[in-house]
Amino acid sequence: MKLSQSFIPTLREVPSEAEVVSHKLMLKAGYIRKLAAGIYNYLPLGLKVIQNIEKIIREEMNAVGAQELLMPMVLPAELWSESGRWQIYGKELLRLKDRHDNEFCLGPTHEEIITDVVRREVRSYRQLPVSLYQIQTKFRDETRPRFGLMRGREFIMKDCYSFDRTMEDAQKSYWTYYEAYKKIFSRCGLSYRAVEAVTGNIGGTLSHEFQVLADSGEDAIVSCSACDYAANIEKAESKEGETCARCNKGTMQGFRGIEVGQVFYLGTKYSKALKATFLDDKGSEQIIEMGCYGIGVGRTSAAAIEQNHDDKGIIWPYALAPYKIAVIGLSVDAKVMDVAQKFYQYVQKDLKIDAVLDDRDERAGVKFNDADLIGYPYQLIIGGKGLEKGEVEFKTRKTGEKQIVPLANVENFLKDTFSKLS
Ligand code: ATP
Ligand code: MG
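Attention in this report is confined to the structure presented alongside it. (Residues numbered from 1 in each chain as written. Chains lettered and ligands numbered in written order. Predicted model: local features only at pLDDT ≥ 70, side-chain atom pairs only at ≥ 80, totals over all residues. Heavy atoms only, no water.)

The magnesium ion (ligand 2) binds to the protein through E259 (OE) and Q262 (OE1); the donor distances cover 1.9 to 2.2 Å. Judged by relative accessible area, E259 falls into the partly exposed class, the value being 22%. (Donors = N, O, S within 2.8 Å, 3.2 Å for Na, K, Ca; no water. Buried < 20%, exposed > 50% of the residue type's maximum accessible area, 1.4 Å probe, protein only.)

This is the structure in structure tokens:
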């Protein structure tokens with residue numbers, strides 16, 4: 001993409017309501033704009049990051065045999081009454097009526113709906129197990145929407161649901177998704193912990209949260225210095241500073257975390273209420289065993305920034321970066337732009353790496369600042385003086401390291417660099 005034709009509205013001043021760094025930087029670097037409290041426009045750069053996360057999620061969900069579907073966002077009250085949640089879900093559930101006075105809500109999560117989908121089709125044990133997921137916009141009328149995409153009212157979630165014949169099978173599914181989640185967050189380049197968690201509104205008996213470690217995190221978690229026991233403080237058997245009750249050896253240490261995902265073993269909570277049953281191999285009726293698995297897609301992008309930034313801007317983990325490299329022409333002089341254009345084409349067309357060409361008629365300082373702010377992992381810098389010496393500069397955003405690359409070597413250098421990364 002050519003920056004001269006792009007829509008990346010960067011800001012000089014950050015609106016004062018932005019408290020955490022990811023919110024500030026997403027506004028400042030032109031990734032998102034607020035439409036209403038907790039409701040955001042994803043601008044082109046923001047959407048690219050979301051799509052990069054979604055791609056990783058889809059690959060790992062498909063790899064464990066989950067199938068993607070898409071359920072509606074506007075949900076009829078009847079199904080929510082069947083589970084009892086129409087009555088007990090508080091004001092977070094945004095309720096509405098159609099012209100015939102029928103009651104609906106905007107979906108905050110989809111256990112009832114997916115259970116209905118499955119109960120209508122599944123009759124026999126031969127049709128199980130089955131796992132279904134969607135990536136969809138959710139709505140929760142949060143009391144305090146804040147921190148940008150971290151806690152919105154409208155937000156994108158991946159929600160997956162597993163249906164099994166027995167408790168043992170369902171728990172096996174649970175641990176399959178637990179492992180898939182580890183792969184997802186590792187591939188996103190995040191430093192995280194899987195911690196034992198309470199089940200809250202969703203219900204069930206076994207649950208883990210995936211927490212991205214960050215000082216700005218809203219959750220307090222503790223983890224043992226000796227064994228791998230880690231828990232949300234709401235659930236922890238031992239508090240910070242105490243000896244770990246699980247192994248009796250280590251001491252519990254406290255961390256702050258951002259919950260980016262949660263897995264639940266649900267048992268028959270929804271299947272029993274909605275009568276989702278099947279006939280087993282002896283012909284007797286059994287209740288389907290369920291699990292559910294959520295990931296906050298937008299929150300994951302915000303958590304990545306909380307963990308990866310400096311005073312100049314965002315430092316994207318490679319996999320999430322909207323564009324992997326900015327090819328920066330330091331002037332609009334034809335000699336400079338021809339070379340910049342050529343290397344940009346090489347990266348974009350030959351290497352098939354998402355790149356931007358900074359071909360704007362702007363001062364070098366503006367271009368450098370924007371590139372650092374937006375957070376491309378790499379910059380290829382082409383200036384008139386360098387060209388006279390037959391060289392360009394390659395900068396790594398994370399370390400600030402600059403390498404001089406002779407013009408004749410640039411293509412091979414780029415090829416090597418990117419082949420190591422993907
Ligand atoms: P929280 O405790 O932070 O309110 P939750 O436990 O209610 O979240 P879940 O029902 O577990 O959320 O939803 C699955 C995932 O969706 C969460 O792990 C989180 O990443 C994301 N999520 C939940 N609420 C929001 C929100 N208001 N804005 C953005 N993402 C959210
Ligand atoms: Mg949760």
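Take the pairing of strand β13 (residues 252-267) next. Pairing geometry for strand β10 (residues 206-213) and β13, over eight bridges, is antiparallel. Note on β13: the bridge partner recorded for L206 is Y265. As paired strands, strand β11 (residues 219-224) and β13 are joined by six bridges and run antiparallel to one another. Residue pairing across strands places D219 opposite G257, the latter belonging to β13. Direction of pairing for β13 relative to strand β16 (residues 289-296): antiparallel, over a ladder of six bridges. Across the sheet, the residue bridging to Y265 is G291, located in β16. (Pairing = 2+ DSSP bridges. Helix = DSSP H or I, 4+ residues; strand = E, 2+ residues; numbered from the N terminus.)

Before going further, it helps to examine the environment of K324. Relative to the helices and strands, K324 is located in the loop between β18 (313-314) and β19 (325-329). A relative accessible area of 12% means that K324 is categorised as buried. On a C-alpha basis, the gap between K324 and V347 in space is 9.8 Å, while along the polypeptide they are 23 residues apart. Excluding residues within four positions of it along the chain, K324 makes contact with N52, Y318, A319, I353, D354, Y376, P377, Y378 and F418. Within the local environment of K324, its side chain forms a polar contact with the backbone oxygen of A319, the two atoms lying 3.4 Å apart. (Contact = heavy atoms within 4.5 Å. Polar contact = N/O pair within 3.5 Å; in protein donor to acceptor, adjacent residues only side chain to side chain.)

Helix packing for two helices is described by the angle between their axes and how far apart those axes are. Close contact between helix α2 (residues 44-63) and helix α8 (residues 297-307) brings their axes to 9 Å; oriented N to C, the two are set at 110°. Here α2 is positioned roughly perpendicular relative to α8, judged by the angle of their axes. When you trace α2 past α8, the crossing you get is right-handed. The segment α2 lies against α8, with V49, I50, I53, E54 and I57 engaging V297, G298, T300 and S301. (Axes fitted to C-alpha atoms, helices over the stretch in contact; angles between N-to-C directions. Parallel < 35°, antiparallel > 145°, perpendicular 65-115°, else oblique. Left-handed = near helix turned anticlockwise from the far one by under 90°.)

All right, on to the environment of F418 then. Residue position: F418 is located in helix α12 (residues 410-421). The sequence separation of F418 and I353 amounts to 65 residues, and the corresponding C-alpha distance is 8.0 Å. Setting aside residues no more than four positions away along its own chain, F418 makes contact with Y318, K324, I325, V347, L351, I353 and Y378.

Glancing now at the sheet that holds strand β6 (residues 103-106). Overall, antiparallel pairing links the three strands, which are arranged β4-β6-β5 in an open sheet. The sheet terminates laterally at β4 (74-76) and β5 (95-97), the two strands that pair on one side only. Between one strand axis and the next, the sheet turns by 40° as a mean value, whatever way the strands run. In this sheet, β6 lies alongside β4 in antiparallel orientation, the contact comprising three bridges. Within β6, the residue paired with P76 across the bridge is F104.

Among the 15 residues in the neighbourhood of ligand 1, the closest are listed as R140, E142, R151, G152 and E259. Within the backbone of M150, one N or O atom sits 3.5 Å away from a nitrogen atom of ligand 1. Across the complex, the protein chains shield 85% of the 590 Å² of accessible surface that ligand 1 would expose by itself. For the shell around ligand 1, the secondary-structure elements that each account for two or more residues are β8 (154-164) and β13. For the shell around ligand 1, the element with the highest residue contribution is β13, accounting for four residues. Here the shell around ligand 1 is built from residues that sort into six nonpolar, four polar and five charged. (Near = heavy atom within 4 Å. Areas by Shrake-Rupley, 256 points an atom, 1.4 Å probe, with all protein chains shown as cover. Nonpolar A, V, L, I, M, F, W, Y, C, P; charged D, E, K, R; others polar.)

What follows is about the packing of aromatic side chains. Following the criterion strictly, the structure yields 16 aromatic pairs and no others. Ring geometry for F185 versus Y192: centroids 6.0 Å apart, planes at 55°, classification tilted. Measuring from ring centre to ring centre gives 6.4 Å for Y318 and F418, while their planes differ by 40°; the resulting arrangement is tilted. With a gap of 100 residues between them, Y318 in the loop between β18 and β19 and F418 in helix α12 connect regions that are remote in the sequence. The buried category is assigned to Y318, whose relative accessible area is 19%. An aromatic cluster of three or more residues is present, and its members are Y174, W175, Y178, Y181, F185, Y192 and F210. Against the face of W86 rests R95, its NZ or CZ located 4.7 Å from the ring centre. The residue whose ring lies beneath K324 is Y318, and the NZ or CZ to ring-centre distance is 5.1 Å. (Phe/Tyr/Trp six-rings, centres within 6.5 Å; stacked < 30°, edge-to-face > 60°. Lys NZ or Arg CZ within 6 Å of the ring centre and 35° of its normal.)

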